[in-house]
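# Descriptive structure summary
What follows is the residue order along each chain.
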Amino acid sequence: MSESTSATRGSAGGQSGKRGLWSSRLAFILAATGSAVGLGNIWKFPYITGENGGGAFVLVYLLCIAAVGLPIMMAEVMIGRRGGNSPVKSIRNITQAEGLNPGWRLVAAIGVLAAFLILSFYSVIGGWAISYVGTAASGALTNQDADAIGAIFSGLLASPGTLLLWHSVFMALVMFVVARGVRSGLEKAVSILMPALFVLLLVVVGYAMTTGHFGEAVSFLFQPDFSKLTTKGVLVALGHAFFTLSLGMAVMVAYGSYLPKGISIAKTSILVSIMDTVVALLAGLAIFPIVFANGLEPGAGPGLIFQTLPLAFGQMPMGSLFGTLFFVLLIFAAWTSGISLLEPLVEWLEEQKGMTRRTSTLAAGLSCWLLGIASILSLNLWADVTPLGMFSMFEGKTIFDLLDFLTANILLPLGGLLIAVFTGWFMSRQALENELALSSGSFSLWYNTLRYFTPIAVAIVFVYNLI
Ligand code: PHE
């Protein structure tokens, strides 16, 4: 941590010298990118793109990233840096400094809760990826047909013990890094993991180029056919922009609180958004040539990676090697996102309960791990348990489905909407101008987008998801 950067300029709370800051702008960019790039990019983006017909959906998604995601990311990072503490305390610091209702800190509380709930099942999916490294490396995928590959996947889901083992390993990996704190843990981990991720992804794209179906994949992804775009597709794209940029969850507030003063929030947020988008598109370019080369269905749904890709890996030369690399890559991506999902709660426990970082990591991680067990069981033994099934909205939803629904479709848009309203309508314009230090034209563009466009767009997603 540098002495000079902890001297604050008009900060509401002040980044206290004890907390430690990112050592450089690059470190923040790596960490924020590590959070943004995850299962959302590599697993979810390709399959929702496949389901929604390709090009036109991708175009709308890109617009959503630029016009909704980016302004909110800037707002979140700004709140974190200005408040200089955990998300909850950062917002309280700002409300105190500006004479606003302290109840706004509940926005951060929603985010901390959402992050905690997401991590509980994110870790289970991260566990699937770990399990597939072994499956791919052992050669078990080689020359198998679709039924056999499907059986491997359903066999995994049907086995609570195996799922629990890999869920535990994933959570332990996350806790290990978070417990070591920002400088020695997070920062070091992401500065190794992120570049490795890029390289591994390029390796798979390189292979995909040799399949002879690369051109087909490129036109699928980048030639918009608006007849394939539905209203629902637009809304899916908007919602995914949130998830993939780690927004609405206080995660970027938490990371922003470690960002030294004097570093441009706009430039860094733009860079992070671009890198997140590039990884998603690279994932598409890696996956779709393989899908087309093997005559597979782009709209196969959530099983695309775990059921369809192993089939392709099993058929290609050196498939065991590429398959193993691919799932290692997926673990890296999920790991750095998992770290960012645990961080807000750990910060909060440190501050509010006066726990040491180790204790708070242990408390938060173990509770999350416990909750994850419910998700594991809902894939097999509790497959018929639908706790809120009496409400039509939640009909047929297992615990796993409920957690996903509650976070992605309710808490996350709500958190993002409130962040936009808090920043755009309540915080003083002067404070925002100071913190962002933009030219007046760029500032107005950001400010008006956040005040008008963003809340309306997000409200549409939110309402849509409720009905
Ligand atoms: N952005 C991550 C992904 O795309 C998921 C995530 C969401 C991580 C929210 C942190 C916070 O997989």
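Below is a short write-up of the structure. (Residues numbered from 1 in each chain as written. Predicted model: local features only at pLDDT ≥ 70, side-chain atom pairs only at ≥ 80, totals over all residues. Heavy atoms only, no water.)

## A closer look at the overall build of the protein chain
The helix and strand inventory of the protein chain stands at 18 helices and zero strands. Considered along the principal axes of its C-alpha atoms, the protein chain spans approximately 65 × 50 × 50 Å. Looking at the protein chain as a whole, 59% of its 467 residues are labelled buried. Taking the intrachain contacts of the protein chain between residues at least 6 apart in sequence as the baseline, contacts between residues at least 24 apart amount to 81%. Here the protein chain has roughly 17,000 Å² of accessible surface; of this, 66% comes from carbon and sulfur atoms. Each charge class in the protein chain was averaged separately, 23 positive and 21 negative side chains, and the resulting centres sit 15 Å apart. (Helix = DSSP H or I, 4+ residues; strand = E, 2+ residues; numbered from the N terminus. Buried < 20%, exposed > 50% of the residue type's maximum accessible area, 1.4 Å probe, protein only. Contact = heavy atoms within 4.5 Å. Areas by Shrake-Rupley, 256 points an atom, 1.4 Å probe, with all protein chains shown as cover. Lys, Arg positive; Asp, Glu negative; His and termini not counted. Charge placed at Lys NZ, Arg CZ, Asp CG, Glu CD.)

## Overview of unusual backbone geometry
The phi angle at serine 246 is positive, at roughly 60°, despite the residue not being glycine. Mapped onto the elements, serine 246 comes out in the loop between α10 (231-244) and α11 (251-256). The class of serine 246 is buried, set by a relative accessible area of 8%. Even without a glycine there, the phi angle at alanine 437 is positive, about 50°. Within the element layout of this structure, alanine 437 appears in the loop between α17 (429-436) and α18 (440-466).

## Comments concerning the site of the ligand
In the vicinity of the ligand there are 15 residues, among which Ala36, Leu39, Gly40, Tyr122 and Phe243 approach most closely. Here a nitrogen atom of the ligand sits 3.3 Å away from a polar atom, N or O, in the main chain of serine 35. Here a nitrogen atom of the ligand sits 3.2 Å away from a polar atom, N or O, in the main chain of threonine 244. Protein chains shield 100% of the accessible area of the ligand, which is 320 Å² for the free molecule. Of all the secondary structure elements, the ones that give two or more residues to the shell around the ligand are α1 (25-36), α2 (39-51), α10 and α14 (319-353). Tallied by class, the residues present in the shell around the ligand amount to seven nonpolar, eight polar and no charged. (Near = heavy atom within 4 Å. Polar contact = N/O pair within 3.5 Å; in protein donor to acceptor, adjacent residues only side chain to side chain. Nonpolar A, V, L, I, M, F, W, Y, C, P; charged D, E, K, R; others polar.)

## As for the pattern of salt bridges
Per the counting criterion, the structure on display carries seven salt bridges. In this structure, the salt-bridge partner of arginine 81 is glutamate 435, at a minimum N-O distance of 2.8 Å. Residue arginine 81 is found in helix α3 (residues 55-83), and its partner glutamate 435 is found in helix α17; the two are separated by 354 residues along the sequence. Residue arginine 81 is classed as buried on the basis of its relative accessible area of 1%. A relative accessible area of 1% places glutamate 435 in the buried class. (Salt bridge = Lys/Arg side-chain N within 4 Å of Asp/Glu carboxyl O.)

## A word on a nonpolar patch on the surface
There is a patch of nonpolar side chains on the surface, built from Leu388, Met390, Phe391 and Met393 and spanning about 380 Å² of accessible area. Take methionine 393: it is sitting in the loop between α15 (357-378) and α16 (399-426). (Patch = residues over 30% accessible without salt bridge, like charges linked within 9 Å, V, L, I, M, F, W, Y side chains within 5 Å.)

## Details of helix α9 (residues 214-222)
Listed in full, the buried residues belonging to α9 are Phe214, Ala217, Phe220 and Leu221. One face of α9 carries all of its buried residues, which in axial projection span an arc of 125°. (Arc of directions from axis to C-beta.)

## Some remarks on the side chain of threonine 95
Here threonine 95 shows up in helix α4 (residues 87-98). Judged by relative accessible area, which is 1%, threonine 95 ranks as buried. In this view, threonine 95 contacts Leu100, Asn101, Pro102, Trp104 and Phe422; residues no more than four positions away in its chain are not counted.

## Some details on the packing of aromatic side chains
Scanning the model with the defined rule gives 22 aromatic pairs in all. Summarising the aromatic geometry, the rings of tyrosine 132 and phenylalanine 327 are spaced 5.2 Å apart at their centres and angled 45° between planes, so their arrangement reads as tilted. Separated by 195 residues along the polypeptide, tyrosine 132 in helix α5 (residues 105-137) and phenylalanine 327 in helix α14 bring together distant segments of the chain. Overall, phenylalanine 327 belongs to the buried group, its relative accessible area being 0%. For the ring pair phenylalanine 306 and phenylalanine 327, a centre distance of 6.0 Å and an interplane angle of 25° mean the geometry is stacked. Residue phenylalanine 306 is found in helix α13 (residues 304-315), and its partner phenylalanine 327 is found in helix α14; the two are separated by 21 residues along the sequence. With respect to class, phenylalanine 306 is no different from phenylalanine 327; both count as buried. Through pairs of rings, three or more aromatic residues link up here, namely Trp128, Tyr132, Phe153, Phe306, Phe313, Phe326 and Phe327. Seen from the ring of phenylalanine 243, lysine 44 lies directly overhead, with NZ or CZ sitting 5.1 Å from the centre. Between the NZ or CZ atom of arginine 451 and the centre of the ring of tryptophan 425, over which it lies, the distance is 3.9 Å. (Phe/Tyr/Trp six-rings, centres within 6.5 Å; stacked < 30°, edge-to-face > 60°. Lys NZ or Arg CZ within 6 Å of the ring centre and 35° of its normal.)

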